Amino acid sequence: MEMAKGVSGGPGSTFLQKGTCDGGGSGLTQHQSPVTPSPPPLPEGPQSQSVASFSREGRESSEIQVSIILPVYNAECWLDECLKSVLEQDFQGSMELSVFNDASMDNSGNILKKWKVLLEEAGIQMVLGENDSSQPRGVGFAKNHAIDQSSGTYLCFLDSDDVMMPQRIRLQWEAAIQHPESIIGCQIEREPAEATERYTRWINNLSCEQLLTQVFTSHGPTVIMPTWFCSREWFCHVGRFDEAGKGTPEDLLFFYEHLRKGGGVFRVNQRLLLYRYHPQAATHSVLEGTIWTHRVLFLEERILSRWTSFTIWNAGKQGRKLFRSLTPANQKKVTAFCDVDTNKISKGFYTYEESKDLTGGQFEENLKLLNLKEAVDYYHFN
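The paragraphs below set out a description of the structure included in this document. (Residues numbered from 1 in each chain as written. Predicted model: local features only at pLDDT ≥ 70, side-chain atom pairs only at ≥ 80, totals over all residues. Heavy atoms only, no water.)

**Remarks on the overall build of the protein chain**
Counting its secondary structure elements, the protein chain contains 13 helices and 14 strands. Considering only contacts in the protein chain between residues 6 or more positions apart, those separated by 24 or more positions represent 82%. Surface summary for the protein chain: the accessible area is close to 17300 Å², and the carbon and sulfur share equals 51%. (Helix = DSSP H or I, 4+ residues; strand = E, 2+ residues; numbered from the N terminus. Contact = heavy atoms within 4.5 Å. Areas by Shrake-Rupley, 256 points an atom, 1.4 Å probe, with all protein chains shown as cover.)

**Considering the packing of helix H9 (residues 288–302) against helix H10 (residues 317–325)**
Packing of H9 against H10 brings their axes to within 11 Å, and their N-to-C directions diverge by 65°. As for the relative orientation of H9 and H10, their crossing is right-handed in sense. Contacts between H9 and H10 involve Glu288, Trp292, Val296 and Leu299 from the former and Gln318, Lys321, Leu322 and Ser325 from the latter. A breakdown of the residues in the contact of H9 with H10 according to their chemical character gives four nonpolar, two polar and two charged. (Axes fitted to C-alpha atoms, helices over the stretch in contact; angles between N-to-C directions. Left-handed = near helix turned anticlockwise from the far one by under 90°. Nonpolar A, V, L, I, M, F, W, Y, C, P; charged D, E, K, R; others polar.)

**Some points on the packing of aromatic side chains**
Scanning the model with the defined rule gives 20 aromatic pairs in all. Ring geometry for Phe91 against Trp173: centres 5.2 Å apart, planes inclined by 65°, an arrangement best described as edge-to-face. One end of the pair, Phe91, is in the loop between helix H1 (76–87) and strand E5 (95–102); the other, Trp173, is in helix H4 (residues 168–178), with 82 residues separating them in the sequence. Its relative accessible area of 8% is what places Phe91 among the buried residues. An angle of 40° between the planes, with centres 5.0 Å apart, marks the rings of Phe241 and Phe254 as tilted. With a gap of 13 residues between them, Phe241 in the loop between helix H7 (232–238) and helix H8 (250–260) and Phe254 in helix H8 connect regions that are remote in the sequence. The buried category is assigned to Phe241, whose relative accessible area is 1%. (Phe/Tyr/Trp six-rings, centres within 6.5 Å; stacked < 30°, edge-to-face > 60°. Buried < 20%, exposed > 50% of the residue type's maximum accessible area, 1.4 Å probe, protein only.)

**A word on unusual backbone geometry**
For the bond from Glu191 to Pro192, the omega torsion is 0°, close enough to zero to count as cis. Turning to its location among the elements, Pro192 is positioned in the loop between strand E9 (182–191) and helix H5 (197–205). Even without being glycine, Thr196 reaches a positive phi, approximately 45°. As for its position among the elements, Thr196 is in the loop between E9 and H5.

Right, here's the structure in full:
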């Protein structure tokens, strides 16, 4: 069985190569013509949502250029800093802040009312909606309602625990004009700085091509949700966020639907957002198994449906898990498992052990020497 240098992405990484390994271990062979990195939109998959489109009534004559979309739930300890960053934007066009308070039980409501006065004195309109019931409806619900009540030509998404750099809206607005059918992201600063270091490097260092080729990894959208900026027209074309509530990866589902409809991904290569990591973040409510299921379905829909055979470059726990998650039809396409660790292959089983973060570029160099190209010959599913 062909042996490959360790997979980029750290422990438990899985790597899929089109075709198969040579049975005698003499090299890699490819049995199909390449798959393009940006395939045409496919029919909606099982995870897409059937929802009503946004109302456009009254939008056509809007004078607001950018609406900042801010869902809020029990955010009193971060709101002042977050809203101050709205006030400090250097964007010279017209903008508004559209906030939806999703049944907060803390002092968020009073803080929002205070800032409504301050922002409007500075010429920034603030639209404030709220869920006045005792039960929050979730991030997707809050975002949808914040968008419904807004009127800007462009939408700038912001989480209540994050902080925008002063140039964020200006630079992303300029990029969105050039890329009207793309989600525009940006690089980030992480707080605390030592939190999720590998994830932060991944966010900030993906190449332009990898923003589309690495959409199957466990990290989620290749531009993270709190950095999203796009036109209202394109957002309406894609649809609303899923409103199933807590535990639903509404940003990932929207991102997949965006890609299905031929949307692009672009990143402003400046750190325009302070992205906080803390135990109360909504992302922690989404189970790993939920994310895994959606990822496998999207991989099968977009890639494996057009491959006649492929190799899984991970003979350990993650590789076997991926194989078991595939449909029977796609399981039959797996011609081999490859791995750098001979023990995994010879023993027939693998117990997870922590390993080093990355391979220092050796794995990528091996791929180049073998003339393998990402999104043509292989995809990462780590």
